[in-house]
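# Architecture and fold: a report
Listed below are the residues making up each chain.
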Amino acid sequence: PVRALGIRLRLFRLQGSSGCPRQLNQLRTFIMFRGLSTLARLTPAALAAPAVALCDEKSARGALADLIDKSEAKRGDGTSLGPTMVRLAWHSAGTFCARTGTGGSDGGRMKYCPESAWGANAGLADVRAAVEKVAQDHGLSRADAYTLAGVVAVAQMGGPEVPWAAGRSDAADGSTSPPDGRLPDADKGSLGGTVAHLRAIFYRMGFDDRDIVALSGAHALGRCHEEASGYWGPWTFAETTFSNEYFRLLLAETWTLKTTHNGRTWNGPDQFEDSSGKLMMLPSDIALVWDKTFRAYVILYSKDEEQFFKDFSRAFGKLLALGTKQNAAAAGGPLDGLRKLFGL
């Protein structure tokens, strides 16, 4: 209530440091002044902004971690949903275009066509459904849940904590989806062409060469499936462990074009294999050691896992926030005045 001599802020909803909107319980701060000009100057838009629905981020994180643990126990082969959750988060956000401001994770449009039918998103339907159930049960938008799933999975598999904030909305359909082709391809016909493609894709989102290599380090996780992408095999022998092993293997192993598979001629797309034939690299992976600038960062991360973790955390957090409303708010949005006032 606004009174002649002051304003009492009771249980005002703010964006907490954890990213999940929360009520500051028993907040009884009095701002006493003789006019309303101070408040108008601090937060003119904040008072008119619609409230953001409450969510239980802590329980949502727990539910997502539980999904990973249960999937690993059920499979019994050392794999889990964790790597697929990272891919889900990556692909939900990696469509952003800095020039047009389109794409990105806000909207959660991968639920609908055309994004759900893109070849780059093949094999994600089941994990989307599982993560959407967590969103429903814990008060998140599905767009928030898609990205939070990747954050939880990275940490659950031994990786760094990735900065994340809630606040994404859900689109009603896929009518505002960006055009297909904004996610990186594994091969553009030559290593030079693939390098140029990687730069075009990532520069479009506002990343640089160091970010490209750092984000590629997520290939330490999971594997390719023929039925989804046409490619086959894992990048490392520890598919559910986040580490710098991907970079070490890129440099330590001799990678040759795959010609056979299980005793038969390989008829899939071009990919590379190690001497054992059990590990694989995509042309886009080999491109990282072919290009001199990329290779320097591969060498750095192969020797310094701590630096890789720091760079990945920063770049992945940036990726997940691109184009979202809370990302704009973090740079000085309408609630910035109140955050500074209360030291939040």
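For the structure itself, look to the data block above.
Quantities reported herein were computed from a predicted structural model and do not represent experimental measurements. (Residues numbered from 1 in each chain as written. Predicted model: local features only at pLDDT ≥ 70, side-chain atom pairs only at ≥ 80, totals over all residues. Heavy atoms only, no water.)

### So, the pattern of salt bridges
With the rule as written, the count across this model stands at 16 salt bridges. Taking the shortest distance from any N to any O, the salt bridge between Lys 70 and Asp 66 comes out at 3.2 Å. Of this pair, Lys 70 and Asp 66 both sit in helix 2 (residues 57-75), four residues apart, which is roughly one turn of the helix. Judged by its relative accessible area of 55%, Lys 70 is exposed. Accessibility expressed as a relative area gives 34% for Asp 66, which makes it partly exposed. Put simply, Arg 210 and Asp 311 hold a salt bridge, and the shortest N to O gap is 2.7 Å. You can see Arg 210 sitting in helix 7 (residues 209-216) and its partner Asp 311 sitting in helix 12 (residues 305-321), a full 101 residues away along the chain. Taking relative accessible area as the criterion, Asp 311 reaches 6% and is therefore assigned buried. Connected via shared salt-bridge partners are Arg 199, Asp 209 and Asp 291. (Salt bridge = Lys/Arg side-chain N within 4 Å of Asp/Glu carboxyl O. Helix = DSSP H or I, 4+ residues; strand = E, 2+ residues; numbered from the N terminus. Buried < 20%, exposed > 50% of the residue type's maximum accessible area, 1.4 Å probe, protein only.)

### Some details on the packing of aromatic side chains
Inspection of the entire model under this criterion finds twelve aromatic pairs. For the pair Tyr 301 and Phe 308, a centre-to-centre distance of 5.6 Å together with 50° between the ring planes defines the contact as tilted. A single burial state applies to Tyr 301 and to Phe 308, both of which are buried. The ring of Phe 294 carries Arg 199 above its face, with NZ or CZ at 4.4 Å from the centroid. The side chain of Lys 258 reaches across the aromatic face of Trp 266, ending 5.5 Å from its centre. (Phe/Tyr/Trp six-rings, centres within 6.5 Å; stacked < 30°, edge-to-face > 60°. Lys NZ or Arg CZ within 6 Å of the ring centre and 35° of its normal.)

### Some remarks on the sheet that holds strand 12 (residues 280-281)
Taken together, the three strands give an open sheet; going across it, the order is 8-11-12, and neighbouring strands pair in antiparallel fashion. Looking along the sheet, the strands with just one partner apiece sit at the ends: strand 8 (256-257) and strand 12. Across two bridges, the pairing between strand 11 (residues 272-273) and strand 12 is antiparallel. The residue of strand 12 that forms the bridge with Glu 273 is Met 280. (Pairing = 2+ DSSP bridges.)

### Thoughts on the layout of surface pockets
The volume enclosed by the largest pocket comes to roughly 1,400 Å³. Every residue lining the largest pocket is counted, 46 residues in all, and those nearest its centre are Arg 87, His 91, Arg 223, Cys 224 and Trp 235. Taken together, the elements giving at least two residues each to the lining of the largest pocket come down to helix 3 (82-93), helix 4 (125-138), helix 6 (191-205), helix 7, strand 6 (223-224), helix 8 (226-229) and helix 10 (283-290). Tallying contributions element by element places helix 3 first for the lining of the largest pocket, with six residues. Across the lining of the largest pocket, the residue classes tally to 22 nonpolar, 14 polar and ten charged. (1 Å grid on protein atoms, 1.4 Å probe; cavity = no way out; pocket = protein on both sides within 12 Å on 5 of 7 lines; lining within 4 Å. Points joined across faces, edges and corners; volume = space filled by probe spheres on them. Nonpolar A, V, L, I, M, F, W, Y, C, P; charged D, E, K, R; others polar.)

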